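# Structural characterization, general
One-letter residues, chain by chain:
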Amino acid sequence: MSDYDSMVNRQRKWMLYLLALLVIGAGFSSYTRVFNGLLLGSAISFYNLWLLQHKTKAFGKAVAESGSTRGALGTFSRLAAVALAVLVAIRFEETFHIIAVVVGIASSYFIIILDIIVQYVTNSRNSKKSNS
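The shown structure was predicted, so the numbers you read here are calculated from the model rather than taken from an experiment. (Residues numbered from 1 in each chain as written. Predicted model: local features only at pLDDT ≥ 70, side-chain atom pairs only at ≥ 80, totals over all residues. Heavy atoms only, no water.)

## Comments concerning the overall build of the protein
Operational definition: Think of it this way: any DSSP run of H or I at least four residues long counts as a helix, any run of E at least two long counts as a strand, and we number them from the N terminus. Buried residues are those whose accessible area, probed at 1.4 Å on protein chains only, stays under 20% of the maximum for their type, while exposed residues exceed 50% and partly exposed ones sit between those limits. In this description, contact between two residues means that some pair of their heavy atoms is separated by no more than 4.5 Å. For the accessible areas, the method is Shrake-Rupley and the probe is 1.4 Å, while residue cover comes only from the protein chains on display. Charge assignment: positive for Lys and Arg, negative for Asp and Glu; neither His nor the chain ends contribute. One atom stands in for each charge, and that atom is NZ of Lys, CZ of Arg, CG of Asp or CD of Glu.
Each helix and strand in the protein was counted, giving five helices and zero strands. Ordering the α and β elements of the protein from the N terminus gives α-α-α-α-α. Expressed as a percentage of its 132 residues, the buried residues of the protein come to 25%. At a minimum sequence separation of 6, the contacts of the protein that also span at least 24 residues come to 68%. Summed over all atoms, the accessible surface of the protein reaches about 8,700 Å², with 68% contributed by carbon and sulfur. Between the mean site of the 13 positive side-chain charges and the mean site of the 6 negative ones, the protein shows a separation of 5 Å.

Structure representation (structure tokens):
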């Protein structure tokens, strides 16, 4: 498996763990409105992460095979998904906390940064062990 594929799988797995924790929080916490907002935003963020990874892989494959670019990375689709999540949160204000939705939308970026940090630390530890 390539480095890109393993990175994609790690990030998707971490997002699924986060979504599972948010479902548990929404089910068993007294802050259901906040957890519902986080869950809605994180679900949209997971979709956006998947879409970005899919489009990036297709883009890289097209450049590698033909040397030319094929389309864009789906920015409009991702922005439309975010707008839909915000509209749902505004429409059903009694169910979703709007600030929690916005924080949830940014969750995939936190996952990406966390993955980069963990991989950097892991690689630096492995290189120190191999040098010893």
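## Some points on the side chain of N48
Here N48 is to be found in helix α2 (residues 32–66). The exposure class of N48 is buried, given its relative accessible area of 9%. If we ignore the near neighbours within four places in the chain, the residues touching N48 are R78, A81 and V82.

## Digging into the packing of aromatic side chains
We count it as follows: Centres within 6.5 Å are what make two rings of Phe, Tyr or Trp a pair, Trp counting through its six-membered ring; a difference in plane orientation under 30 degrees is then read as stacked, over 60 as edge-to-face, and the rest as tilted. Here, over-ring charges are defined by two tests on the NZ atom of lysine or the CZ atom of arginine: distance to the ring centre within 6 Å, and angle to the ring normal within 35 degrees.
All chains considered together, the criterion is met by one aromatic pair. Positioned over the ring face of F92 is R91, at 5.0 Å from the centre of the ring.

## Here we look at the confidence of the model for the protein
Condition: Confidence of the predictor in every single residue is expressed as pLDDT, which spans 0 to 100.
Per-residue confidence for the protein gives a mean pLDDT of 91, with 98% of residues at or over 70. Ranking the elements of the protein by mean pLDDT puts helix α5 (residues 107–131) last with 89 and helix α4 (residues 98–105) first with 96.

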